[in-house]
Amino acid sequence: MDRISPPRRRPRRRLLPVLLLIAAVLVVGGLLTAVVLSLRGGSARQEPEADPHAGQVYINDGFNMVWMTPHEGIPASGLAQEDFRRDTNDDGSDGVRVRYLGAEYATRWGVDVSNHQGTIDWAALKRQGIDFAYLRLGLRGYGEKGSLYPDRSFDSYYSGARAAGIEVGVYFFSQAATVQEAAQEALYALQLLDGRDLDLPVYYDWEPVQQEDSRTLHNNEFLLTSQARTFCALIEQGGYEAGVYMNRQQGYYRYDLPSMRNIALWIADPGDYPDFYYRFDVWQYDHGARLDGVNEIVDLNVEFVRSPAGGALFYSNSFPQAQLVKGAAANIFQKNAMGKFLISVPAQMAGSCHTGAPPKIMLKIMVAARLMVGHITDTVPACRINRQK
(Lines give C-alpha, C1' and ligand atoms only; values in the text may rest on other atoms or scores of the structure.)
Protein backbone atom coordinates (compact mmCIF):
# COMPACT_ATOMS: atom_id res chain seq x y z
CA MET A 1 0.00 0.00 0.00
CA ASP A 2 1.06 3.45 -0.72
CA ARG A 3 1.73 5.61 2.28
CA ILE A 4 -0.26 8.83 2.23
CA SER A 5 1.55 11.84 3.64
CA PRO A 6 -0.46 14.45 5.58
CA PRO A 7 -0.91 17.89 3.86
CA ARG A 8 1.66 20.54 4.63
CA ARG A 9 0.62 23.60 6.54
CA ARG A 10 1.26 26.87 4.74
CA PRO A 11 3.07 29.31 6.92
CA ARG A 12 0.81 32.23 8.11
CA ARG A 13 1.60 35.60 6.70
CA ARG A 14 2.29 38.16 9.29
CA LEU A 15 -0.46 40.70 8.33
CA LEU A 16 -0.55 42.67 11.55
CA PRO A 17 2.61 44.71 10.94
CA VAL A 18 1.44 45.50 7.43
CA LEU A 19 -1.92 46.69 8.64
CA LEU A 20 -0.33 48.80 11.31
CA LEU A 21 1.96 50.38 8.74
CA ILE A 22 -0.95 51.23 6.47
CA ALA A 23 -2.89 52.70 9.37
CA ALA A 24 0.09 54.80 10.37
CA VAL A 25 0.47 56.11 6.84
CA LEU A 26 -3.20 57.06 6.72
CA VAL A 27 -3.03 58.78 10.08
CA VAL A 28 0.08 60.74 9.13
CA GLY A 29 -1.47 61.71 5.81
CA GLY A 30 -4.65 62.85 7.50
CA LEU A 31 -2.68 64.89 9.97
CA LEU A 32 -0.65 66.52 7.22
CA THR A 33 -3.80 67.32 5.28
CA ALA A 34 -5.42 68.82 8.36
CA VAL A 35 -2.33 70.93 9.05
CA VAL A 36 -2.26 72.25 5.47
CA LEU A 37 -5.97 73.07 5.53
CA SER A 38 -5.69 74.75 8.91
CA LEU A 39 -2.78 76.85 7.69
CA ARG A 40 -4.73 77.89 4.64
CA GLY A 41 -7.76 78.69 6.78
CA GLY A 42 -5.65 80.59 9.28
CA SER A 43 -4.17 82.80 6.58
CA ALA A 44 -7.67 83.57 5.31
CA ARG A 45 -8.88 84.53 8.79
CA GLN A 46 -6.02 86.96 9.17
CA GLU A 47 -7.70 89.25 6.63
CA PRO A 48 -10.25 91.37 8.60
CA GLU A 49 -13.77 91.70 7.28
CA ALA A 50 -14.71 95.07 5.81
CA ASP A 51 -16.38 97.39 8.32
CA PRO A 52 -19.87 98.16 6.95
CA HIS A 53 -19.87 101.44 8.90
CA ALA A 54 -16.43 102.69 7.97
CA GLY A 55 -16.44 106.47 7.76
CA GLN A 56 -19.85 106.72 9.46
CA VAL A 57 -20.99 108.09 12.80
CA TYR A 58 -23.72 106.75 15.10
CA ILE A 59 -26.21 109.54 15.75
CA ASN A 60 -29.61 110.25 17.24
CA ASP A 61 -31.72 111.62 14.40
CA GLY A 62 -34.51 112.69 16.71
CA PHE A 63 -36.41 109.41 16.45
CA ASN A 64 -33.84 106.60 16.32
CA MET A 65 -30.15 105.83 16.66
CA VAL A 66 -28.81 105.42 13.13
CA TRP A 67 -25.54 105.25 11.22
CA MET A 68 -24.85 108.32 9.09
CA THR A 69 -22.12 109.31 6.64
CA PRO A 70 -21.15 112.90 7.55
CA HIS A 71 -21.05 115.62 4.92
CA GLU A 72 -17.58 116.64 3.86
CA GLY A 73 -16.47 120.16 4.63
CA ILE A 74 -18.96 120.76 7.45
CA PRO A 75 -17.32 120.93 10.89
CA ALA A 76 -18.64 118.72 13.67
CA SER A 77 -19.88 120.39 16.83
CA GLY A 78 -17.22 118.79 19.01
CA LEU A 79 -19.54 119.11 22.02
CA ALA A 80 -19.58 116.17 24.44
CA GLN A 81 -22.13 115.04 26.99
CA GLU A 82 -19.69 115.57 29.85
CA ASP A 83 -19.41 119.26 28.86
CA PHE A 84 -22.91 119.97 30.20
CA ARG A 85 -24.57 120.02 33.59
CA ARG A 86 -28.15 120.83 34.55
CA ASP A 87 -28.68 122.95 37.65
CA THR A 88 -30.26 121.32 40.69
CA ASN A 89 -32.98 122.98 42.75
CA ASP A 90 -32.82 123.21 46.53
CA ASP A 91 -35.19 120.25 46.84
CA GLY A 92 -32.94 118.09 44.66
CA SER A 93 -35.11 118.27 41.55
CA ASP A 94 -33.77 119.28 38.15
CA GLY A 95 -33.42 122.98 37.54
CA VAL A 96 -34.31 124.76 34.31
CA ARG A 97 -30.83 125.88 33.35
CA VAL A 98 -28.26 123.72 31.54
CA ARG A 99 -24.70 125.00 31.72
CA TYR A 100 -21.77 124.42 29.41
CA LEU A 101 -18.59 123.51 31.31
CA GLY A 102 -16.15 123.35 28.40
CA ALA A 103 -13.56 125.92 27.41
CA GLU A 104 -14.02 126.16 23.64
CA TYR A 105 -17.05 128.45 23.75
CA ALA A 106 -18.51 131.27 25.73
CA THR A 107 -22.22 130.69 26.28
CA ARG A 108 -25.29 132.72 27.09
CA TRP A 109 -28.76 131.75 28.27
CA GLY A 110 -31.93 132.85 26.55
CA VAL A 111 -35.59 132.36 25.69
CA ASP A 112 -37.70 132.45 22.56
CA VAL A 113 -41.23 133.80 22.82
CA SER A 114 -44.30 134.70 20.81
CA ASN A 115 -47.70 136.18 21.49
CA HIS A 116 -48.64 132.85 23.12
CA GLN A 117 -46.57 133.79 26.19
CA GLY A 118 -48.80 136.77 26.96
CA THR A 119 -47.53 139.54 29.23
CA ILE A 120 -43.85 139.17 30.15
CA ASP A 121 -41.94 140.77 33.00
CA TRP A 122 -38.63 141.23 31.22
CA ALA A 123 -36.86 142.62 34.28
CA ALA A 124 -37.73 139.41 36.15
CA LEU A 125 -36.23 137.34 33.33
CA LYS A 126 -33.08 139.42 33.45
CA ARG A 127 -32.76 138.87 37.20
CA GLN A 128 -32.91 135.11 36.63
CA GLY A 129 -29.96 135.30 34.25
CA ILE A 130 -31.61 135.56 30.83
CA ASP A 131 -29.15 137.21 28.45
CA PHE A 132 -31.03 137.15 25.14
CA ALA A 133 -34.44 136.57 23.61
CA TYR A 134 -35.66 135.58 20.18
CA LEU A 135 -39.02 137.19 19.48
CA ARG A 136 -41.45 135.99 16.88
CA LEU A 137 -41.66 138.80 14.36
CA GLY A 138 -44.45 137.44 12.19
CA LEU A 139 -45.89 134.35 10.60
CA ARG A 140 -47.66 132.88 7.63
CA GLY A 141 -50.92 131.03 8.21
CA TYR A 142 -50.89 127.31 7.52
CA GLY A 143 -54.23 127.28 5.68
CA GLU A 144 -54.69 127.31 1.93
CA LYS A 145 -54.60 131.10 1.68
CA GLY A 146 -51.34 131.41 3.60
CA SER A 147 -51.82 135.00 4.71
CA LEU A 148 -49.01 136.93 6.41
CA TYR A 149 -49.47 138.33 9.91
CA PRO A 150 -47.36 140.27 12.41
CA ASP A 151 -46.95 138.88 15.91
CA ARG A 152 -49.25 141.03 18.00
CA SER A 153 -46.81 141.18 20.93
CA PHE A 154 -43.63 141.90 19.01
CA ASP A 155 -43.55 145.67 19.58
CA SER A 156 -44.07 145.40 23.35
CA TYR A 157 -41.67 142.47 23.65
CA TYR A 158 -38.98 144.32 21.72
CA SER A 159 -39.27 147.43 23.88
CA GLY A 160 -39.47 145.50 27.14
CA ALA A 161 -36.52 143.21 26.43
CA ARG A 162 -34.20 145.99 25.35
CA ALA A 163 -35.21 148.16 28.29
CA ALA A 164 -34.28 145.27 30.62
CA GLY A 165 -30.86 144.87 28.99
CA ILE A 166 -31.74 141.64 27.19
CA GLU A 167 -30.33 141.28 23.69
CA VAL A 168 -32.86 140.68 20.95
CA GLY A 169 -33.08 138.58 17.81
CA VAL A 170 -36.18 137.56 15.88
CA TYR A 171 -37.64 134.63 14.00
CA PHE A 172 -40.28 134.39 11.30
CA PHE A 173 -42.60 131.38 11.34
CA SER A 174 -42.72 130.25 7.73
CA GLN A 175 -45.28 128.19 5.89
CA ALA A 176 -43.79 128.96 2.49
CA ALA A 177 -44.60 126.41 -0.18
CA THR A 178 -42.38 127.96 -2.86
CA VAL A 179 -39.17 129.95 -3.17
CA GLN A 180 -41.23 132.97 -4.17
CA GLU A 181 -43.22 132.76 -0.95
CA ALA A 182 -40.01 132.53 1.10
CA ALA A 183 -38.81 135.72 -0.60
CA GLN A 184 -42.16 137.31 0.17
CA GLU A 185 -41.78 136.38 3.84
CA ALA A 186 -38.29 137.88 4.00
CA LEU A 187 -39.49 141.16 2.52
CA TYR A 188 -42.43 141.20 4.89
CA ALA A 189 -40.05 140.59 7.82
CA LEU A 190 -37.92 143.53 6.75
CA GLN A 191 -41.03 145.64 6.50
CA LEU A 192 -42.03 144.67 10.06
CA LEU A 193 -38.56 145.38 11.40
CA ASP A 194 -38.69 148.83 9.83
CA GLY A 195 -35.00 149.45 10.47
CA ARG A 196 -35.00 148.42 14.15
CA ASP A 197 -31.65 147.49 15.63
CA LEU A 198 -31.14 143.81 16.39
CA ASP A 199 -28.39 142.24 18.48
CA LEU A 200 -28.91 138.75 17.04
CA PRO A 201 -29.90 137.23 13.71
CA VAL A 202 -33.25 136.93 11.98
CA TYR A 203 -34.09 133.20 11.83
CA TYR A 204 -36.15 131.40 9.21
CA ASP A 205 -38.41 129.01 11.11
CA TRP A 206 -40.11 126.64 8.64
CA GLU A 207 -42.00 123.88 10.39
CA PRO A 208 -44.33 121.17 9.06
CA VAL A 209 -47.88 121.50 10.30
CA GLN A 210 -49.68 118.18 10.53
CA GLN A 211 -53.18 119.38 9.70
CA GLU A 212 -55.42 118.20 6.87
CA ASP A 213 -55.65 121.71 5.47
CA SER A 214 -51.94 122.46 5.88
CA ARG A 215 -50.55 124.15 2.80
CA THR A 216 -47.14 122.57 3.37
CA LEU A 217 -48.31 119.05 4.21
CA HIS A 218 -46.81 117.77 0.95
CA ASN A 219 -44.11 120.39 0.58
CA ASN A 220 -41.36 119.50 -1.87
CA GLU A 221 -38.32 118.68 0.27
CA PHE A 222 -35.95 119.73 -2.49
CA LEU A 223 -37.30 123.28 -2.37
CA LEU A 224 -36.85 123.70 1.37
CA THR A 225 -33.16 124.55 1.17
CA SER A 226 -33.73 127.00 -1.68
CA GLN A 227 -36.48 128.65 0.34
CA ALA A 228 -34.22 129.03 3.38
CA ARG A 229 -31.31 130.37 1.37
CA THR A 230 -33.51 132.87 -0.42
CA PHE A 231 -34.98 134.11 2.86
CA CYS A 232 -31.55 134.44 4.45
CA ALA A 233 -30.02 136.17 1.43
CA LEU A 234 -32.73 138.83 1.41
CA ILE A 235 -32.47 139.35 5.16
CA GLU A 236 -28.68 139.68 4.98
CA GLN A 237 -28.85 142.07 2.09
CA GLY A 238 -31.33 144.08 4.14
CA GLY A 239 -28.59 144.66 6.73
CA TYR A 240 -29.29 141.90 9.26
CA GLU A 241 -27.67 138.61 10.13
CA ALA A 242 -29.75 135.60 9.13
CA GLY A 243 -30.05 131.97 10.11
CA VAL A 244 -32.24 128.87 9.93
CA TYR A 245 -34.08 127.16 12.77
CA MET A 246 -34.43 123.39 12.42
CA ASN A 247 -34.79 120.17 14.36
CA ARG A 248 -32.54 117.13 13.98
CA GLN A 249 -34.76 115.41 11.42
CA GLN A 250 -34.71 118.48 9.22
CA GLY A 251 -30.98 118.96 9.68
CA TYR A 252 -30.13 115.39 8.74
CA TYR A 253 -32.73 114.64 6.06
CA ARG A 254 -34.46 117.74 4.71
CA TYR A 255 -31.93 120.57 4.46
CA ASP A 256 -28.89 120.43 2.22
CA LEU A 257 -26.40 121.56 4.86
CA PRO A 258 -23.35 121.71 2.56
CA SER A 259 -25.00 124.57 0.66
CA MET A 260 -25.83 126.30 3.96
CA ARG A 261 -22.44 126.21 5.63
CA ASN A 262 -22.27 130.02 5.85
CA ILE A 263 -25.67 130.36 7.50
CA ALA A 264 -26.19 130.40 11.28
CA LEU A 265 -28.04 127.35 12.63
CA TRP A 266 -30.45 127.19 15.54
CA ILE A 267 -31.04 123.56 16.50
CA ALA A 268 -34.05 122.22 18.40
CA ASP A 269 -32.60 119.29 20.34
CA PRO A 270 -34.44 118.84 23.67
CA GLY A 271 -32.44 117.28 26.48
CA ASP A 272 -29.60 117.77 28.93
CA TYR A 273 -26.93 118.04 26.24
CA PRO A 274 -26.95 118.66 22.48
CA ASP A 275 -26.15 115.68 20.27
CA PHE A 276 -26.65 117.22 16.82
CA TYR A 277 -23.54 116.15 14.94
CA TYR A 278 -22.70 119.32 13.04
CA ARG A 279 -21.64 122.66 14.44
CA PHE A 280 -24.42 125.10 15.27
CA ASP A 281 -24.90 128.47 16.91
CA VAL A 282 -27.94 128.22 19.18
CA TRP A 283 -29.28 125.14 21.00
CA GLN A 284 -32.95 125.02 21.97
CA TYR A 285 -33.02 122.47 24.78
CA ASP A 286 -36.39 122.89 26.51
CA HIS A 287 -39.90 123.45 25.11
CA GLY A 288 -41.78 123.60 28.40
CA ALA A 289 -39.86 125.53 31.05
CA ARG A 290 -41.32 127.69 33.78
CA LEU A 291 -39.68 131.02 34.61
CA ASP A 292 -40.70 133.83 36.91
CA GLY A 293 -42.18 136.68 34.92
CA VAL A 294 -43.88 134.48 32.30
CA ASN A 295 -47.28 132.93 32.97
CA GLU A 296 -47.03 130.36 30.17
CA ILE A 297 -44.34 127.76 29.50
CA VAL A 298 -41.37 129.05 27.55
CA ASP A 299 -38.58 127.67 25.34
CA LEU A 300 -35.01 127.85 26.65
CA ASN A 301 -31.83 128.17 24.62
CA VAL A 302 -28.06 128.27 24.92
CA GLU A 303 -26.05 130.39 22.51
CA PHE A 304 -22.47 129.32 21.70
CA VAL A 305 -19.83 131.86 20.76
CA ARG A 306 -16.29 130.80 19.96
CA SER A 307 -13.39 132.29 21.82
CA PRO A 308 -11.63 135.14 19.97
CA ALA A 309 -8.88 132.75 18.86
CA GLY A 310 -11.43 130.47 17.22
CA GLY A 311 -13.46 133.18 15.52
CA ALA A 312 -17.16 133.88 15.88
CA LEU A 313 -19.72 131.28 14.98
CA PHE A 314 -21.99 133.75 13.24
CA TYR A 315 -21.05 133.92 9.59
CA SER A 316 -22.06 136.42 6.96
CA ASN A 317 -23.39 135.29 3.62
CA SER A 318 -21.28 136.58 0.74
CA PHE A 319 -23.17 137.12 -2.48
CA PRO A 320 -20.93 139.17 -4.78
CA GLN A 321 -23.50 140.94 -6.93
CA ALA A 322 -26.86 142.31 -5.98
CA GLN A 323 -29.81 144.31 -7.14
CA LEU A 324 -31.07 147.24 -5.09
CA VAL A 325 -34.81 147.39 -4.54
CA LYS A 326 -36.59 150.26 -2.81
CA GLY A 327 -39.80 149.20 -1.11
CA ALA A 328 -41.00 145.78 -0.06
CA ALA A 329 -42.81 143.37 -2.35
CA ALA A 330 -45.36 141.00 -0.87
CA ASN A 331 -45.95 139.11 -4.10
CA ILE A 332 -42.45 139.01 -5.50
CA PHE A 333 -41.39 137.12 -8.62
CA GLN A 334 -44.76 136.49 -10.22
CA LYS A 335 -44.76 135.33 -13.83
CA ASN A 336 -46.37 137.43 -16.51
CA ALA A 337 -47.83 136.18 -19.79
CA MET A 338 -44.39 136.22 -21.40
CA GLY A 339 -43.06 133.84 -18.76
CA LYS A 340 -40.91 136.52 -17.14
CA PHE A 341 -40.91 137.11 -13.40
CA LEU A 342 -42.22 140.43 -12.13
CA ILE A 343 -41.86 142.24 -8.84
CA SER A 344 -45.22 143.52 -7.61
CA VAL A 345 -45.73 145.80 -4.64
CA PRO A 346 -48.27 144.99 -1.88
CA ALA A 347 -51.19 147.27 -1.22
CA GLN A 348 -49.84 148.33 2.18
CA MET A 349 -46.67 149.63 0.51
CA ALA A 350 -48.37 151.18 -2.50
CA GLY A 351 -48.62 154.60 -0.87
CA SER A 352 -44.90 155.07 -0.42
CA CYS A 353 -44.00 153.55 -3.78
CA HIS A 354 -46.58 155.09 -6.05
CA THR A 355 -46.42 158.53 -4.50
CA GLY A 356 -42.64 158.54 -4.57
CA ALA A 357 -42.40 159.02 -0.81
CA PRO A 358 -39.11 157.75 0.72
CA PRO A 359 -39.54 154.00 1.27
CA LYS A 360 -38.88 152.61 4.73
CA ILE A 361 -36.94 149.60 3.51
CA MET A 362 -33.97 149.50 1.18
CA LEU A 363 -32.56 146.08 0.53
CA LYS A 364 -30.30 144.26 -1.85
CA ILE A 365 -31.55 141.20 -3.68
CA MET A 366 -28.76 138.90 -4.73
CA VAL A 367 -28.30 138.35 -8.44
CA ALA A 368 -27.91 134.67 -7.64
CA ALA A 369 -31.64 134.59 -6.93
CA ARG A 370 -32.21 134.79 -10.67
CA LEU A 371 -30.99 131.21 -10.87
CA MET A 372 -34.07 130.22 -8.89
CA VAL A 373 -36.70 132.67 -10.11
CA GLY A 374 -35.59 133.70 -13.58
CA HIS A 375 -35.51 137.15 -15.16
CA ILE A 376 -36.80 140.03 -13.05
CA THR A 377 -38.53 143.20 -14.24
CA ASP A 378 -40.25 145.96 -12.32
CA THR A 379 -44.00 146.49 -12.50
CA VAL A 380 -44.12 149.74 -10.49
CA PRO A 381 -42.26 152.71 -12.02
CA ALA A 382 -41.77 154.43 -8.67
CA CYS A 383 -39.93 151.39 -7.23
CA ARG A 384 -36.87 151.27 -9.43
CA ILE A 385 -34.41 148.37 -9.71
CA ASN A 386 -30.76 149.23 -10.29
CA ARG A 387 -29.29 146.29 -12.15
CA GLN A 388 -25.61 145.55 -11.76
CA LYS A 389 -23.91 144.02 -14.77
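Residues numbered from 1 in each chain as written. Predicted model: local features only at pLDDT ≥ 70, side-chain atom pairs only at ≥ 80, totals over all residues. Heavy atoms only, no water.

Visitor: Any chance you could explain the environment of Tyr 204 here in plain terms?
Guide: By secondary structure assignment, the location of Tyr 204 is in strand 9 (residues 202-206). Looking at Tyr 204, the relative accessible area reads 0%, which means it is buried. Between the C-alpha atom of Tyr 204 and that of Val 244, which follows or precedes it by 40 residues, the distance is 4.7 Å. When neighbours within four sequence positions are excluded, Tyr 204 is seen to be in contact with Phe 172, Ser 174, Ala 176, Ala 182, Glu 185, Gln 227, Ala 228, Phe 231, Gly 243, Val 244, Tyr 245 and Tyr 255. (Helix = DSSP H or I, 4+ residues; strand = E, 2+ residues; numbered from the N terminus. Buried < 20%, exposed > 50% of the residue type's maximum accessible area, 1.4 Å probe, protein only. Contact = heavy atoms within 4.5 Å.)

Visitor: Whenever I open this one, the pattern of salt bridges confuses me. Can you help?
Guide: A side chain with one charge can pair with a side chain of the opposite charge if their charged atoms come near. Considering all chains together, one arrives at 11 salt bridges under this definition. The shortest N-O distance in the salt bridge between Glu 185 and Arg 140 comes to 2.6 Å. With Glu 185 in helix 4 (residues 179-193) and Arg 140 in strand 6 (residues 132-140), this pair connects stretches of sequence that are 45 residues apart. As far as burial versus exposure is concerned, Glu 185 and Arg 140 are alike and both buried. With its nearest N and O atoms 2.7 Å apart, the salt bridge here joins Glu 181 to Arg 215. With Glu 181 in helix 4 and Arg 215 in the loop between strand 9 and helix 5 (221-237), the pair connects residues that are 34 residues apart, well separated along the chain. Through salt bridges with shared partners, a single ionic network connects Arg 108, Glu 167 and Glu 303. (Salt bridge = Lys/Arg side-chain N within 4 Å of Asp/Glu carboxyl O.)

Visitor: It is not clear to me how the packing of aromatic side chains should be interpreted in this structure. Could you clarify?
Guide: Each aromatic ring pair is summarised here by two numbers: the centre-to-centre distance and the angle between the ring planes. Under the defined criterion, the tally for this structure stands at 26 aromatic pairs. With a centroid separation of 5.1 Å and an interplanar angle of 40 degrees, the aromatic rings of Trp 283 and Tyr 285 are classed as tilted. Residue Trp 283 is classed as buried on the basis of its relative accessible area of 0%. Using a relative accessible area of 2% as the deciding quantity, one classes Tyr 285 as buried. Across from the ring centre of Tyr 158, 5.6 Å away, lies the NZ or CZ of Arg 196, which sits over that ring. (Phe/Tyr/Trp six-rings, centres within 6.5 Å; stacked < 30°, edge-to-face > 60°. Lys NZ or Arg CZ within 6 Å of the ring centre and 35° of its normal.)

Visitor: So what exactly am I meant to see when it comes to helix 4 here?
Guide: One turn of the α-helix equals 3.6 residues, which is why residues spaced by three or four share an orientation. For helix 4, built from 15 residues, the straight-helix expectation of 21 Å at 1.5 Å per residue is met to within 8% by its first-to-last C-alpha distance of 21 Å. With 14 of its 15 residues buried, helix 4 lies for the most part within the structure. Note on helix 4: the residue one or two positions beyond its end, Asp 194, has a positive phi of about 50 degrees. (Expected span 1.5 Å × (residues − 1).)

Visitor: Would you mind going over unusual backbone geometry with me for this structure?
Guide: The phi angle of most residues is negative, glycine excepted, and most peptide bonds adopt the trans form. Positive phi outside glycine occurs at Asp 194, with the angle close to 50 degrees. Tracing the chain through its elements places Asp 194 in the loop between helix 4 and strand 9.

Visitor: Sorry, what's going on with the nonpolar core here?
Guide: Among the nonpolar cores identified, the biggest contains 71 residues, and Val 111, Trp 122, Leu 135, Ile 235, Tyr 255 and Phe 304 are the most heavily contacted of them. Element by element, the count of residues in this core is highest for helix 4, at eight residues. Counting residues in each nonpolar core, the second largest holds 10 residues, with Tyr 134, Leu 200, Ala 264 and Ala 268 among its members. (Core = buried A, V, L, I, M, F, W, Y, C linked by side-chain atoms within 4.5 Å.)

Visitor: I'm lost on the pairing of strand 4 (residues 94-100) in this one. Help?
Guide: Regular strands place side chains that alternate from one sheet face to the opposite one. As defined by bridge partners, strand 3 (residues 84-88) adjoins strand 4 across four bridges and the pair is classed as antiparallel. Pairing of Phe 84 across the sheet is with Tyr 100, part of strand 4. Linkage of strand 3 to strand 4, two consecutive antiparallel strands, is achieved through a turn of five residues, within which Gly 92 is found at a positive phi near 90 degrees. (Pairing = 2+ DSSP bridges.)

Visitor: For this particular structure, what's the right way to read the layout of surface pockets?
Guide: Gaps left between atoms are located by rolling a probe of water-molecule size over the structure's atoms. Taken as a whole, the largest pocket spans an internal volume of roughly 530 Å³. In this structure, the largest pocket is lined by 23 residues; those nearest its centre are Phe 173, Asp 205, Glu 207, Tyr 245 and Asp 299. Among the elements of the structure, strand 5 (105-113), strand 8 (167-174), strand 10 (242-247), strand 11 (264-268), strand 12 (282-289) and strand 13 (298-306) are those that each provide at least two residues to the lining of the largest pocket. Here the residues of the lining of the largest pocket sort into 11 nonpolar, seven polar and five charged. (1 Å grid on protein atoms, 1.4 Å probe; cavity = no way out; pocket = protein on both sides within 12 Å on 5 of 7 lines; lining within 4 Å. Points joined across faces, edges and corners; volume = space filled by probe spheres on them. Nonpolar A, V, L, I, M, F, W, Y, C, P; charged D, E, K, R; others polar.)

Visitor: So what exactly am I meant to see when it comes to the packing of helix 4 against helix 5 here?
Guide: The relative placement of two packed helices is expressed as an angle between their axes plus a distance between the axes. Direction vectors running N to C along helix 4 and helix 5 enclose 25 degrees, while the axes themselves pass 8 Å from each other. Classified by the angle their axes make, helix 4 and helix 5 are roughly parallel. In this structure, helix 4 meets helix 5 at a crossing whose hand is right-handed. Taking contact as the criterion, the partners of Val 179, Ala 182, Ala 183, Glu 185, Ala 186, Ala 189 and Leu 190 in helix 4 are, on helix 5, Leu 223, Ser 226, Gln 227, Thr 230, Phe 231, Leu 234 and Ile 235. Taken together, the residues of the contact of helix 4 with helix 5 break down into 10 nonpolar, three polar and one charged. (Axes fitted to C-alpha atoms, helices over the stretch in contact; angles between N-to-C directions. Parallel < 35°, antiparallel > 145°, perpendicular 65-115°, else oblique. Left-handed = near helix turned anticlockwise from the far one by under 90°.)

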